[in-house]
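The residues making up each chain are set out below.
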Amino acid sequence: MPILKGAKAVEINNRRIINGEDADVMQLYPMRHTFAWDAYTVGNANHWLPTEISMQRDIEQWKSRDALTADERTAFETVLGFFTTADSIAANNIVLALYKHITSPECRMYLLRQGYEEAVHTHAYQYIVESLGMDEARIFNMYREVEAIYSKDNLVLGLNEGIFDPSFKTGTFENDQKFLENLCVFSLILEGIFFYSSFAVMFGFQRQNKLTGSAEQIQYIMRDESQHLNFGINMINAIKQEQSEIWTSEFQQRIIELVKRAVKLEYTFATEVFPRGIFGMNADGFKQYIEHIADRRLERVGLPTQYNVANPFPWMSEAVDLNKEKNFFETRVTEYKTGGTLDW
Ligand code: FE
């Protein structure tokens, strides 16, 4: 067949997470960042929808007068107040800031899956709020009204502003650092720290056999989020390799300082959620848990740990492990239609 004059093959070695040389973002192969394809495959295998999880018991418990204490109700609502907007912030960051600057087609492909999963998560919170007959406007507006939620969101939104600018372009030392900083704030802090005390609260309820439908929703969300976090860390480490000149010691120090600021904000949030402590969990336990989690994130991108404390909630890792063993299809109400069973 006739070949276009001057056409050339894509060089795998020119593939970069950002600044790929004459990057053809339409052409999936040759594939360099195979971790992205693996994440995409795992994401598909983990597909779920909030409406498949029964909320019946939660509805009964939420409506009954004595199943939950006033502190438990406040904790649950505050955590939902954070969750309901956090995944929309994540989705915006993916679609409006990260996506267009990424020149690896396989990373873009996973980001499309990840963006959809953030929408499923927002759907899950909406479904919990609606099922329990909560005041939607109040819960969804909490990030503007509750200072501890606002401060967390503000840290992420403020630092990410620059790369939302339509004129922002990668390709200079300064801008590439700005981009990598965004990725670190997004992955290590928003997805890696800010969700975790809220996850712990939800599993605290589950361990008391309370609001177990909501907790199950959160288990599926946490399974997705641990993939998002892995993928983000893989991208950070790939950029570090591809453009090692931007990973200066000054830049590393800046990321460590940001993580430490995030730890303080997350601790302030935890004290707001647990002014008196419930389920044997209190603000001190949370402080240590958040510090433990922050060290794990720093480690994964090759930065020195800062706190070196033990995990006070070892059952949190079990909550994740259980997910891996659980056969989702056994507990599901519906199954997904495959090509072979689609009836037009
Ligand atoms: Fe996410």
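It should be noted that the structure appears before, not after, this text.
Cut-offs and rules
- Residues numbered from 1 in each chain as written.
- Predicted model: local features only at pLDDT ≥ 70, side-chain atom pairs only at ≥ 80, totals over all residues.
- Heavy atoms only, no water.
- Helix = DSSP H or I, 4+ residues; strand = E, 2+ residues; numbered from the N terminus.
- Rg over C-alpha atoms; globule rule 2.2 N^0.38 Å.
- Buried < 20%, exposed > 50% of the residue type's maximum accessible area, 1.4 Å probe, protein only.
- Contact = heavy atoms within 4.5 Å.
- Areas by Shrake-Rupley, 256 points an atom, 1.4 Å probe, with all protein chains shown as cover.
- Lys, Arg positive; Asp, Glu negative; His and termini not counted.
- Charge placed at Lys NZ, Arg CZ, Asp CG, Glu CD.
- Donors = N, O, S within 2.8 Å, 3.2 Å for Na, K, Ca; no water.
- Expected span 1.5 Å × (residues − 1).
- Bend = angle between axes of the 7 residues up to and from the residue.
- Patch = residues over 30% accessible without salt bridge, like charges linked within 9 Å, V, L, I, M, F, W, Y side chains within 5 Å.
- Salt bridge = Lys/Arg side-chain N within 4 Å of Asp/Glu carboxyl O.
- Axes fitted to C-alpha atoms, helices over the stretch in contact; angles between N-to-C directions.
- Parallel < 35°, antiparallel > 145°, perpendicular 65-115°, else oblique.
- Left-handed = near helix turned anticlockwise from the far one by under 90°.
- Nonpolar A, V, L, I, M, F, W, Y, C, P; charged D, E, K, R; others polar.
- Phe/Tyr/Trp six-rings, centres within 6.5 Å; stacked < 30°, edge-to-face > 60°.
- Lys NZ or Arg CZ within 6 Å of the ring centre and 35° of its normal.
- Core = buried A, V, L, I, M, F, W, Y, C linked by side-chain atoms within 4.5 Å.

Enquirer: So what exactly am I meant to see when it comes to the overall build of the chain here?
Expert: From N to C terminus, the chain includes 14 helices and zero strands. Along the chain, from the amino end to the carboxyl end, the secondary structure elements read α-α-α-α-α-α-α-α-α-α-α-α-α-α. Its C-alpha atoms give the chain a radius of gyration of 21 Å, within 12% of the compact-globule value 20 Å for 344 residues. Counting only C-alpha atoms and orienting by the principal axes, one finds that the chain spans roughly 75 × 60 × 35 Å. In the chain, which comprises 344 residues, the share counted as buried stands at 52%. In the chain, the share of contacts with a sequence separation of at least 24, taken over all contacts with a separation of at least 6, comes to 78%. A total accessible area of about 16,100 Å² is found for the chain, and carbon and sulfur atoms account for 52% of it. Charge separation in the chain, taken as the distance between the mean sites of 34 positive and 47 negative side-chain charges, equals 1 Å.

Enquirer: How do you make sense of the coordination of the iron ion when you look at a structure like this?
Expert: For a metal bound by four donors in a tetrahedral arrangement, the ideal donor-metal-donor angle is 109.5 degrees, while six donors in an octahedral arrangement ideally sit at 90 or 180 degrees. Surrounding the iron ion are the protein donor atoms Glu-118 (OE), Glu-191 (OE), Glu-225 (OE), Glu-225 (OE) and His-228 (ND1), which sit 1.7 to 2.5 Å from the metal. Each donor residue of the iron ion belongs to the same chain, with the gaps between them written as E-x72-E-x33-E-x2-H. Taken together, the residues Glu-191 in helix H8 (residues 173-194) and Glu-225 in helix H10 (residues 212-242) connect sequence positions 34 residues apart. Like Glu-225, Glu-191 is buried.

Enquirer: Looking at this model, I keep getting lost on unusual backbone geometry. Mind explaining?
Expert: The phi angle of most residues is negative, glycine excepted, and most peptide bonds adopt the trans form. Each neighbour pair has its own omega, and for Tyr-29 with Pro-30 the value is 0°, a cis peptide bond. Counting through the fold element by element, Pro-30 comes out in the segment before helix H1 (34-45). Residues other than glycine seldom take positive phi values, yet Asn-209 does so here, at roughly 65°. Tracing the sequence through the fold places Asn-209 in the loop between helix H9 (196-207) and H10.

Enquirer: Hey, could you run me through helix H3 (residues 70-101) in this one?
Expert: Turn by turn, an α-helix covers 3.6 residues, leaving residues three or four places apart pointing in a common direction. The end-to-end C-alpha separation of H3 is 47 Å, in line with the 46 Å expected for 32 residues at 1.5 Å each. For H3, the principal kink sits at Ile-94 and spans about 35°.

Enquirer: How do you make sense of a nonpolar patch on the surface when you look at a structure like this?
Expert: On the surface, a cluster of nonpolar side chains totalling about 260 Å² of accessible area is made up of Val-95, Leu-96 and Phe-164. Mapped onto the fold, Phe-164 is located in helix H7 (residues 147-164). What makes Phe-164 partly exposed here is its relative accessible area of 31%.

Enquirer: Teacher, can you tell me more about the packing of H9 against helix H12 (residues 283-300) here?
Expert: Each pair of packed helices can be described by the angle between their axes along with the distance between the axes. One can describe the packing of H9 onto H12 by two numbers: an axis separation of 10 Å at closest approach and a directional angle of 130°. Relative to H12, H9 is oriented oblique. Regarding H9 and H12, the two cross each other, and that crossing is right-handed. Residue-level inspection shows Tyr-196, Ser-197, Ala-200 and Val-201 of H9 in contact with H12, the latter providing Phe-286, Tyr-289, Ile-290, Ile-293 and Arg-297. Tallied by class, residues from the contact of H9 with H12 come to seven nonpolar, one polar and one charged.

Enquirer: How should I be thinking about the packing of aromatic side chains in this particular structure?
Expert: What describes a pair of aromatic rings is the distance from one ring centre to the other and the angle between the planes of the rings. Taken as a whole and assessed by the stated rule, the structure comprises 20 aromatic pairs. Among the aromatic residues, those joined into a ring-pair cluster are Phe-82, Phe-83, Tyr-125, Phe-195, Tyr-196, Phe-199 and Phe-269. Here the guanidinium or amino end of Lys-152 rests over the ring plane of Phe-82, the centre of that ring lying 3.6 Å away. Taking the ring centre of Phe-269 as reference, the NZ or CZ of Lys-152 above it sits at 3.8 Å.

Enquirer: Explain the nonpolar core here, please?
Expert: The nonpolar side chains of a soluble globular protein tend to be buried, and buried together. Formed by 102 residues in total, the largest nonpolar core has its most connected members in Phe-76 and Phe-199. No other element matches the 12 residues that H3 contributes to this core. Leaving out residues up to four positions away in the same chain, Phe-199 has contacts with Phe-83, Ile-218, Ile-221, Met-222, Glu-225 and Met-316.

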